[in-house]
Amino acid sequence: MDIKTGSTAKLEIDGKVHELAVIEGTEHERAIDIASLRSSTGCITLDDGYGNTGSCQSAITFIDGEKGILRYRGIPVAEMAEKSSYVETAYLLIYGHLPRKSELQRFSKMLTQNENLHEDMKYHFEGFPSQAHPMAILSAMINASSCFYPGQMQRPTRDVFDEQAARLISQVRTIAAFSYRKSRGLPIIYPKPSYKYTENLLHMLFSDVYEDYELRPEVVRALDTIFILHADHEQNCSTSTVRMVASAQANLFASAAAGVCALWGPLHGGANQWVIEMLSDIHSSGDDGSRFIKAAKDKNSGKRLMGFGHRVYRNYDPRARIIKETCDTLLKTLNISDPLLDIAHRMEEAALSDPYFIERKLYPNVDFYSGIILRALRIPTEMFTVIFAIGRMAGWIANFKEILDDPKGRIYRPRQVYTGATLTSYVPMGARGE
Ligand code: SDX
């Protein structure tokens, strides 16, 4: 879809007025196009954390942070969570339309054909200590896996992209499950071609050699919903990282491995693990949450209410609302009562009526309740961000493809304002003092 241009912004520097084009997206977001700023004014912009800076034009996901809107290719995320599957959502994000039956069948078949790792990958798993963090393993093994497909080491051409994308979406699940089994000293459980995407992950995680894991529909649906809700989120930290690496014409697996590293950060995808650790500490200390909330408001405490706040949402994260409902339903169905859920409910209620959080428009985000669902599914805390990465893989690949399909294809190379030493000379060792 085309963007609109027309109006301009006037910038006066040193008495000279510069006109800059204003462009408008399909949802009427407006941006000042500063592509000619440095050449015409000698100035660059500076924007700590890129809070006001658009790095690209993208047609994949739309967020309105003020209204709490999130849409995948125009479809509200709540509709996708209710009516779609993760595999269909991945297809929509990557290829830009809901798949026809034949397209979905072909895509699903490619996922099945690519679900196994090269057998020699098991030697790489042997090399990790049992307590290695699964996000470190995931990033390393995504790159390691690509080494077994020589054609995969360079940027994909259009005709091989589909297979590489399917291989990455499928194998990220297998790598995750194998790393879990290895960390527990359990025998590897291979994927079953007869199982659908999310069923196969649960099978590889929790089946025994002598007995398959019981795939309860409610459990499969809850995990598939988690994947749908995590599938993409416009230019978040990890997706921007994938685009940065892809812009250098690195291959798909290298770009995704970089995204895994960015997602691992506690301020980003790592938050779902930190939320559970926060709730567990609150529970074990006998705090009802109020002491922790008090600390989270105190800048000197070094504590934050994990799972709260968002750079874009100044309203309730629409995903958090769906995850909270899914969480309540699942725990009732499984007849689980988790004290951490009670604490989370109490803390949400307290924070949403506390001026500190209200003034800063801090609401629960996607990570606040997701960990409680994953605990109910018996997924260990250290695997939570891996689950996030499996869901987000679709969005990373969709953004990689936008870069791949961009005829301009410029490398991302931001500028800086230099604040270091001005011109000086080399000082020989003898003249440097003791
Ligand atoms: C994800 O970008 C995405 O889309 C990410 C994501 C995705 O799908 O990809 O949505 C996934 O990463 C969700 C966010 C998960 N992270 C957390 O839950 C960690 C806790 N939240 C934060 O640390 C924080 O809210 C961020 C990192 C999410 C956003 O940080 P910003 O936009 O840089 O906000 P900020 O740090 O400038 O905070 C603004 C104010 C500050 O207070 P003042 O200096 O104005 O007095 O709000 C305060 C902050 O101290 N604040 C919090 C807080 N979050 C912000 N205070 C206590 N607890 C918090 N959680």
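Now for a description of the structure that goes with this document. (Residues numbered from 1 in each chain as written. Predicted model: local features only at pLDDT ≥ 70, side-chain atom pairs only at ≥ 80, totals over all residues. Heavy atoms only, no water.)

So, the sheet that holds strand 5 (residues 69-72)
- The antiparallel open sheet is built from 3 strands, whose spatial order is 4-5-6. The strands lining the two open edges of the sheet, one partner per strand, are strand 4 (61-64) and strand 6 (75-76).
- For strand 5 and strand 6, the ladder comprises 2 bridges, and the chain directions are antiparallel. The residue of strand 6 that forms the bridge with Tyr 72 is Ile 75. (Pairing = 2+ DSSP bridges. Helix = DSSP H or I, 4+ residues; strand = E, 2+ residues; numbered from the N terminus.)

Some remarks on the side chain of Arg 392
- With respect to the helices, strands and loops of the structure, Arg 392 is situated in helix 18 (residues 384-404).
- With sequence-adjacent residues up to four places away left out, Arg 392 is seen in contact with His 230, Ala 231, Asp 232, His 233, Asn 236, Ser 238, Thr 239 and Arg 319. (Contact = heavy atoms within 4.5 Å.)

Let's talk about the state of the cysteines
- On inspection of all chains with the given rule, the structure shows 0 disulfides.
- Among the cysteines around Cys 237, which has no disulfide bond, Cys 261 carries the closest sulfur, lying 11 Å off.
- On the basis of relative accessible area, Cys 237 is assigned to the partly exposed category, the value being 47%.
- With relative accessibility at 44%, the residue Cys 261 sits in the partly exposed group. (Disulfide = S-S within 2.5 Å. Buried < 20%, exposed > 50% of the residue type's maximum accessible area, 1.4 Å probe, protein only.)

Things to note about the site of the ligand
- Around the ligand lies a shell of 23 residues, among which His 233, Arg 304, His 310, Arg 311 and Arg 319 are the nearest.
- Within the backbone of Leu 267, an N or O atom sits 2.9 Å from a nitrogen atom of the ligand.
- In the model, an oxygen atom of the ligand is placed 2.9 Å from a nitrogen or oxygen of the Asn 365 side chain.
- In terms of residue class, the shell around the ligand is built from 9 nonpolar, 7 polar and 7 charged. (Near = heavy atom within 4 Å. Polar contact = N/O pair within 3.5 Å; in protein donor to acceptor, adjacent residues only side chain to side chain. Nonpolar A, V, L, I, M, F, W, Y, C, P; charged D, E, K, R; others polar.)

Concerning the packing of helix 8 (residues 197-206) against helix 9 (residues 217-229)
- The N-to-C vectors of helix 8 and helix 9 enclose an angle of 110 degrees; their axes lie 9 Å apart at closest approach. Classified by the angle between their axes, helix 8 and helix 9 sit roughly perpendicular to one another. Two packed elements cross with a definite hand, and for helix 8 against helix 9 that hand is right-handed. The segment helix 8 lies against helix 9, with Tyr 197, Thr 198, Glu 199, Leu 201 and Leu 202 engaging Val 219, Val 220, Leu 223, Asp 224 and Phe 227. (Axes fitted to C-alpha atoms, helices over the stretch in contact; angles between N-to-C directions. Parallel < 35°, antiparallel > 145°, perpendicular 65-115°, else oblique. Left-handed = near helix turned anticlockwise from the far one by under 90°.)

Some details on the environment of Asp 298
- Residue placement: Asp 298 occurs in the loop between helix 13 (290-296) and helix 14 (318-333).
- Along the backbone, Asp 298 and Val 160 are 138 residues apart, and their C-alpha atoms lie at a distance of 52 Å.
- From its side chain, Asp 298 meets the backbone nitrogen of Asn 300 in a polar contact 2.8 Å long.

Regarding the sheet that holds strand 1 (residues 8-13)
- The sheet built from 3 strands is open, its strands ordered 1-2-3 with antiparallel pairing. Every interior strand has two partners, whereas the edge strands, strand 1 and strand 3 (30-32), have only one. Ignoring strand direction, the axes of neighbouring strands in this sheet form an average angle of 30 degrees.
- The sheet contact formed by strand 1 and strand 2 (residues 16-24) spans 6 bridges and is antiparallel. Opposite Lys 10, over in strand 2, you have Glu 19 as the bridge partner.

Some points on the pattern of salt bridges
- Scanning the entire structure with this criterion turns up 21 salt bridges.
- Residue Arg 184 pairs with Glu 382 through a salt bridge whose shortest N-O separation is 3.1 Å. Taken together, the residues span a long stretch of sequence, with Arg 184 in the loop between helix 7 (158-183) and helix 8 and Glu 382 in the loop between helix 17 (367-376) and helix 18 at a distance of 198 residues.
- With its nearest N and O atoms 3.5 Å apart, the salt bridge here joins Arg 216 to Glu 218. (Salt bridge = Lys/Arg side-chain N within 4 Å of Asp/Glu carboxyl O.)

Notes on helix 7
- For helix 7, which comprises 26 residues, the first-to-last C-alpha distance of 37 Å matches the rise-based estimate of 38 Å (1.5 Å per residue) to within 8%.
- The axis of helix 7 is deflected most strongly, by about 25 degrees, at Gln 171.
- Of all 26 residues in helix 7, 20 are buried, a share of seventy percent or more. (Expected span 1.5 Å × (residues − 1). Bend = angle between axes of the 7 residues up to and from the residue.)

Here we look at unusual backbone geometry
- A positive phi is found at Asn 335, a non-glycine position, where the angle reads about 55 degrees.
- Along the chain, the position of Asn 335 falls in the loop between helix 14 and helix 15 (339-352).
- Despite not being glycine, Lys 361 has its phi angle at roughly 50 degrees, a positive value.
- In this structure, Lys 361 sits in the loop between helix 16 (355-359) and helix 17.

What about the packing of aromatic side chains?
- One pass over the full model with this rule turns up 16 aromatic pairs.
- With 6.0 Å between their ring centres and 75 degrees between their planes, Tyr 180 and Phe 206 make a pair best called edge-to-face. Of this pair, Tyr 180 sits in helix 7 while Phe 206 is found in helix 8, placing the two residues 26 residues apart along the sequence. Of the two residues, Tyr 180 and Phe 206, both sit in the buried class.
- Ring centres of Phe 308 and Phe 357 lie 5.9 Å apart, and the angle between their planes is 70 degrees; this geometry places the pair in the edge-to-face category. One end of the pair, Phe 308, is in the loop between helix 13 and helix 14; the other, Phe 357, is in helix 16, and 49 residues separate them in sequence. Of the two residues, Phe 308 and Phe 357, both sit in the buried class.
- Within the aromatic cluster, the residues linked to one another by ring pairs are Phe 308, Tyr 356, Phe 357, Phe 368 and Tyr 369.
- Taking NZ or CZ as reference, Arg 173 lies 4.1 Å from the ring centre of Tyr 197, over its face. (Phe/Tyr/Trp six-rings, centres within 6.5 Å; stacked < 30°, edge-to-face > 60°. Lys NZ or Arg CZ within 6 Å of the ring centre and 35° of its normal.)

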